[in-house]
Amino acid sequence: MKPSLFNQTPDELSAVLSDLGEPSYRGEQILDWLWRKRTSSIDEMSNLPARLRDQLKASFSLQSLSPTRAQGSSDSTRKFLFRLHDGRYVETVLIPASPALFGERSDRRTLCVSSQVGCAFGCKFCASGLDGFTRNLSADEIAGQVLLAEELSKEKVNNIVFMGMGEPLANMTQLLRALDLITAPWGLGIGARHITVSTSGLVPQIRKLADHPQQIRLAISLHGASDEVRSQIMPINQRWPVSKLFEVLKYWATRKAQKITLEYILIDGLNADASQAHLLARRAQSLNAKVNLIPYNTVEGLLWKRPSEDACSAFRDVLTEYGVPATLRLEKGHDIDAACGQLRLKEEESAKGLQA
Ligand code: SAH
Ligand code: SF4
């Protein structure tokens, strides 16, 4: 498989062009074809000499992923399933205005992107890890989800959350490169403040990202306020317990201006009682963080269920009493398997069915 031209930074492109004896302005022309004109073929790059187009075609591909199907939902969330060059699938979800979840503005179009195929972390609520980990996505496959979603929806994406399939901080090299492609003025030009990386809590990688100069936002999949509860939900808690996680989050808060978001799925009989609410409130207070409460979305093959609406509201009210900004997420896309990983599993099962 040839590398994608979309995965080249300007410096790398310059090096390729200088090896070919081409002037450096060709690099700008190529970037313009890729990211502005969004061409789908090297042959279309009509201001490049034919010889150079042939040389580029010999070494590079253009297509990172291709559309398979899109599902709409009644609340206008759109879920895309994209096929990768090796026949794997990733999911990308376009969420129109979602002020309760992502802040003040109501004209935001948020794209939820995947960073890996599958996931190795095996959180017990999550469909992405059910089949284990398959592979990392390359940076062009991450940024390509934005390009393709914009092409299919004919809408400009202005907010990105890494909350699709996979653990972005376990794919750090490609994540950092993808952040370059997404934020660069020659690339997608989306400001770092409009990008949220969500992690299950890989402490050393959080520290590394805290020191990264871009002011990206951080969301933590917390889902339990004590080790006892969190360990039942997220195996990673055995490696990086809550105390270690909050230590590095305090460090993060000294390095970045934006509030950290703590994500907390409410699961009946497990993490949704008053004592967890009080503990969570104190922990959020200590970080000056905000909390997103998400009623558990049923996943086929997993046993849990969501608490009643009253129980969810009561949990939120405890946070509010402590002055912690908390949203109880009005489920978007519940009717289209929007919990991450669910659509891909269905597609792969039907693919297996066809082979059998
Ligand atoms: N690996 C990263 C990014 C994936 S985002 C991380 O864990 O943070 C994972 C998020 O998707 C969860 O925190 C939760 O907000 C949401 N999610 C996954 N499965 C869900 C389910 N069954 N019900 C509700 N939300 C779910
Ligand atoms: Fe992986 Fe995140 Fe799902 Fe946990 S929640 S299994 S880390 S994708």
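A few points on the structure. Keep in mind that what you see is a predicted model, and the values were worked out from it rather than measured.

**What to know about the pattern of salt bridges**
Item 1. For the coordinates displayed, the defined rule picks out 15 salt bridges.
Item 2. In this structure, the salt-bridge partner of Glu-155 is Arg-109, at a minimum N-O distance of 3.7 Å. Of the two residues, Glu-155 is situated in the loop between helix H5 (139–153) and strand S7 (159–162) and Arg-109 in the loop between helix H4 (99–102) and strand S4 (110–112); the sequence distance between them amounts to 46 residues.
Item 3. The partly exposed category is assigned to Glu-155, whose relative accessible area is 35%.
Item 4. You can call Arg-109 partly exposed: its relative accessible area is 22%.

**As for the layout of surface pockets**
Item 1. By volume, the second largest pocket amounts to about 260 Å³.
Item 2. Looking at the second largest pocket, it is lined by 14 residues, and the ones nearest its centre are Phe-6, Gln-63, Leu-147, Leu-148 and Glu-151.
Item 3. Across the lining of the second largest pocket, the residue classes tally to six nonpolar, five polar and three charged.

**Details of the pairing of strand S10 (residues 261–266)**
Side-chain direction in a regular strand flips from residue to residue, so the side chains alternate between the two faces of the sheet.
Item 1. Among the six residues in S10, six count as buried, and that is most of the element.
Item 2. The alternating pattern of S10 places Thr-261, Glu-263 and Ile-265 and Leu-262, Tyr-264 and Leu-266 on opposite faces, both of which are buried.
Item 3. By the bridge criterion, three bridges tie strand S9 (residues 217–221) to S10 in an arrangement that is parallel. Looking across to S10, one finds that Ser-221 is bridged to Glu-263.
Item 4. As paired strands, S10 and strand S11 (residues 290–295) are joined by six bridges and run parallel to one another.

**Concerning the packing of helix H11 (residues 274–287) against helix H12 (residues 309–321)**
When two helices pack together, their arrangement is captured by the angle between the axes and the distance separating the axes.
Item 1. The contact between H11 and H12 brings their axes to 9 Å, and the two run at 35 degrees. In this structure, H11 meets H12 at a crossing whose hand is right-handed. Residues Gln-276, Ala-277, His-278, Leu-280 and Ala-281 of H11 touch H12, and the partners they reach there are Phe-315, Val-318 and Leu-319.
Item 2. Of the residues that constitute the contact of H11 with H12, the class distribution is six nonpolar, two polar and no charged.

**A short note on the site of ligand 2**
Item 1. Taken together, the neighbourhood of ligand 2 is formed by Cys-119, Phe-121, Gly-122, Cys-123, Phe-125, Cys-126, Ser-128, Gly-166, Glu-167 and Ser-200.
Item 2. A breakdown of the residues in the shell around ligand 2 according to their chemical character gives five nonpolar, four polar and one charged.

**Considerations on H11**
Item 1. The terminal C-alpha atoms of H11 lie 20 Å apart, and with 14 residues this matches the ideal 20 Å at 1.5 Å per residue to within 8%.
Item 2. Check the buried side of H11 and you find it contacts helix H8 (227–233), helix H10 (242–255), S10, S11 and H12.
Item 3. Trailing H11 by a residue or two, Asn-288 shows a phi angle of about 55 degrees, which is positive.

**Description of the site of ligand 1**
Item 1. The environment of ligand 1 is formed by 21 residues, the closest being Phe-125, Gly-166, Ser-198, Ser-221 and Asn-297.
Item 2. Between ligand 1 and Ser-221, the relevant distance is 2.6 Å, taken from an oxygen atom to a side-chain nitrogen or oxygen of the residue.
Item 3. Between Asn-297 and ligand 1, the recorded distance is 2.9 Å, taken from a backbone N or O atom to a nitrogen atom.
Item 4. Elements with a contribution of two residues or more to the shell around ligand 1: strand S8 (195–199) and S10.
Item 5. Among the residues forming the shell around ligand 1, the class breakdown is 11 nonpolar, eight polar and two charged.

**Here's the deal with unusual backbone geometry**
Item 1. Located in the positive-phi region is Lys-154, a residue other than glycine, with phi close to 55 degrees.
Item 2. By the element assignment, Lys-154 lies in the loop between H5 and S7.
Item 3. Since its relative accessible area comes to 72%, Lys-154 is described here as exposed.

**With respect to the packing of aromatic side chains**
The relative placement of two aromatic rings is captured by the distance of their centres and the angle of their planes.
Item 1. All chains considered together, the criterion is met by five aromatic pairs.
Item 2. Ring geometry for Phe-6 and Trp-35: centres 5.2 Å apart, planes at 90 degrees, overall edge-to-face. Of the two residues, Phe-6 sits in the segment before helix H1 (10–19) while Trp-35 sits in helix H2 (residues 25–36), which places them 29 residues apart along the sequence. Just as Phe-6 is buried, Trp-35 falls in that class too.
Item 3. By way of ring pairs, the aromatic residues Phe-6, Trp-35 and Trp-186 are connected into one cluster.
Item 4. Cation over ring: Lys-37 sits above Trp-33, and NZ or CZ is 4.3 Å from the ring centre.

**Some words on the environment of Cys-123**
Item 1. Tracing the backbone shows Cys-123 in the loop between strand S5 (116–118) and strand S6 (133–136).
Item 2. On the basis of relative accessible area, Cys-123 is assigned to the buried category, the value being 14%.
Item 3. The spacing of Cys-123 and Gln-232 is 109 residues in sequence and 9.0 Å in space, taken between C-alpha atoms.
Item 4. Apart from the residues lying within four places of it in its own chain, the contact partners of Cys-123 are Ile-233, Met-234 and Pro-235.

Reading the values: the criteria
Per-chain numbering applies: the sequence of each chain, read as written, is numbered from 1 onward. Whichever chain is written first is A, and whichever ligand is written first is 1; the rest continue in order. Local features in this predicted model are restricted to residues whose pLDDT is 70 or higher, and side-chain atom pairs enter the listing and the counts only when it is 80 or higher, whereas totals over whole chains, interfaces and linings include all residues. Heavy atoms throughout the structure, all of them, feed into the side-chain values; hydrogens and water do not. Each reported salt bridge corresponds to a side-chain nitrogen of Lys or Arg within 4 Å of a carboxyl oxygen of Asp or Glu. Only DSSP runs of H or I reaching four residues or more are called helices, and only runs of E reaching two or more are called strands; each is numbered from the N terminus. Think of it in three bands: with a 1.4 Å probe and only protein chains considered, a residue is buried below 20% of the maximum accessible area for its type, exposed above 50%, and partly exposed in between. Here a cavity is any set of points on a 1 Å grid over the protein atoms alone where a 1.4 Å probe fits but cannot get out, and a pocket is any open set with protein on both sides within 12 Å along at least 5 of 7 lines; a residue lines the site when it has an atom within 4 Å of a point. Grid points are joined across faces, edges and corners, and a volume is the space filled by probe spheres set on the points. Three classes are used, and their members are as follows: Ala, Val, Leu, Ile, Met, Phe, Trp, Tyr, Cys and Pro are nonpolar, Asp, Glu, Lys and Arg are charged, and the others, Gly among them, are polar. Pairing between two strands requires that DSSP report at least two bridges joining them. Each axis is a line fitted through C-alpha atoms, taken for helices only over the stretch in contact, and angles between the N-to-C directions span 0 to 180 degrees. If you view the pair so one helix is near and one far, a crossing is left-handed when the near helix is turned anticlockwise from the far one by less than a right angle, and right-handed when it is turned clockwise. Throughout, a residue-residue contact means that at least one pair of heavy atoms, one from each residue, lies within 4.5 Å. In this text, near means that some heavy atom of the residue lies within 4 Å of the molecule or strand in question. Helix span is expected to be 1.5 Å times the residue number reduced by one. Think of a polar contact as two N or O atoms within 3.5 Å of one another; within protein, one of them needs to be a possible hydrogen donor and the other a possible acceptor, and neighboring residues in sequence only count if both atoms come from side chains. The rule is short: rings of Phe, Tyr and Trp, with Trp giving its six-membered ring, pair when the centres are within 6.5 Å, and they are stacked under 30 degrees, edge-to-face over 60, tilted in between. By definition here, charges over rings are those cases where NZ of Lys or CZ of Arg is within 6 Å of the ring centre and within 35 degrees of the ring normal.

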